[in-house]
Amino acid sequence: MTPLEIQGSFFGCCKNLSTAKEKNPMSLPDNRRIRKSYETVIAELRSRMPDDQIVDVLERYQAGSLDRDRAMDALDIDYLGVLYELVGVYRIGAPEPDPAEEARQAEMMRLLLSGEEVPPELRQPASWRVRH
C-alpha cells in the first residue's frame, strides 16, 4: 500500500472534520518545541498534510489503534525520531484509561497479593481476547 493509499483509507472519513484547533485546541503544533534537526522535515510534512490529518494519525498512534509503522507510512516519514518529535510538538496526550480494564487489573492484583488463584478471564485484557 502506498502512503497516498494509506492516507486515503485513514482520512476518507475526515472530510467533514473541523480544523485541528476546533477539534482539540491542545493539538495545535507548538513550534517552539521543534528541535532544530527536525524543523525541515516537520515543515515539509506540514506543507503536504493539514494539521488535522497529522493530529488524527498521532492520536490513533497514541491510543494504540495504529502501530508505529502504519503511522509512519500514513505520515510518509522515514525516521522514527520524527514520529516521536511530532507527538511532542503537537502535544498528543495519552488516552484516558479504560475503567473496566483498571478494575480488572486491580482485582487481579488483589488476588495475586492474597495468594489466591487468578481466574483465566482476568489473566489478560479484554482487547487481547479473540472474539468469535
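Check the entry above for the structure.
Residues numbered from 1 in each chain as written. Predicted model: local features only at pLDDT ≥ 70, side-chain atom pairs only at ≥ 80, totals over all residues. Heavy atoms only, no water.

## Description of the packing of aromatic side chains
The final tally for this structure, using the stated rule, is 1 aromatic pair. Taking 6.4 Å as the distance between ring centres and 20° as the angle between the ring planes, the aromatic pair formed by Tyr38 and Tyr79 counts as stacked. One end of the pair, Tyr38, is in the loop between helix H2 (20-23) and helix H3 (39-48); the other, Tyr79, is in the loop between helix H5 (68-75) and helix H6 (80-89), with 41 residues separating them in the sequence. On the basis of relative accessible area, Tyr38 is assigned to the buried category, the value being 11%. (Phe/Tyr/Trp six-rings, centres within 6.5 Å; stacked < 30°, edge-to-face > 60°. Helix = DSSP H or I, 4+ residues; strand = E, 2+ residues; numbered from the N terminus. Buried < 20%, exposed > 50% of the residue type's maximum accessible area, 1.4 Å probe, protein only.)

## Quick word on the pattern of salt bridges
Close approach of charged atoms allows side chains of opposite charge to pair. In total, this model carries 11 salt bridges according to the counting rule given. For Arg46, the salt bridge goes to Asp51, with nearest N and O atoms at 2.9 Å. Here Arg123 ties to Glu117 by a salt bridge, and the two come within 3.6 Å at their closest N and O atoms. The exposure class assigned to Glu117 is exposed, which follows from its relative accessible area of 66%. Residues joined by salt bridges that share partners form a network here, namely Glu44, Arg48 and Asp76. (Salt bridge = Lys/Arg side-chain N within 4 Å of Asp/Glu carboxyl O.)

## Some words on the environment of Arg46
Checked against the element boundaries, Arg46 lands in helix H3. As a C-alpha pair, Arg46 and Leu75 span 29 residues in sequence and 9.8 Å in three-dimensional space. Those residues in contact with Arg46 that sit more than four places away from it in its chain are Pro29, Asn31, Asp51, Ile54 and Tyr90. Here Tyr90 takes part through its side chain, which lies 3.3 Å from a polar atom of the side chain of Arg46. (Contact = heavy atoms within 4.5 Å. Polar contact = N/O pair within 3.5 Å; in protein donor to acceptor, adjacent residues only side chain to side chain.)

## Here's the deal with the packing of helix H4 (residues 51-63) against H6
Between H4 and H6, whose axes approach to 10 Å, the crossing angle comes to 100°. Comparing the axis directions of H4 and H6 gives the class roughly perpendicular. Touching Leu58, Tyr61 and Gln62 of H4 are Leu83, Tyr84, Leu86 and Val87, all from H6. Looking at the contact of H4 with H6 residue by residue, the class counts come to 6 nonpolar, 1 polar and no charged. (Axes fitted to C-alpha atoms, helices over the stretch in contact; angles between N-to-C directions. Parallel < 35°, antiparallel > 145°, perpendicular 65-115°, else oblique. Nonpolar A, V, L, I, M, F, W, Y, C, P; charged D, E, K, R; others polar.)

## Re unusual backbone geometry
With the exception of glycine, the majority of residues adopt a negative phi angle, and the majority of peptide bonds are in the trans configuration. The phi dihedral of Asp76 falls on the positive side, at around 55°, and the residue is not glycine. By the secondary structure assignment, Asp76 is in the loop between H5 and H6. Judged by its relative accessible area of 37%, Asp76 falls in the partly exposed class. Here Arg91, not a glycine, exhibits a phi torsion of approximately 55°, which is positive. As for its placement among the helices and strands, Arg91 is situated in the loop between H6 and helix H7 (99-113).

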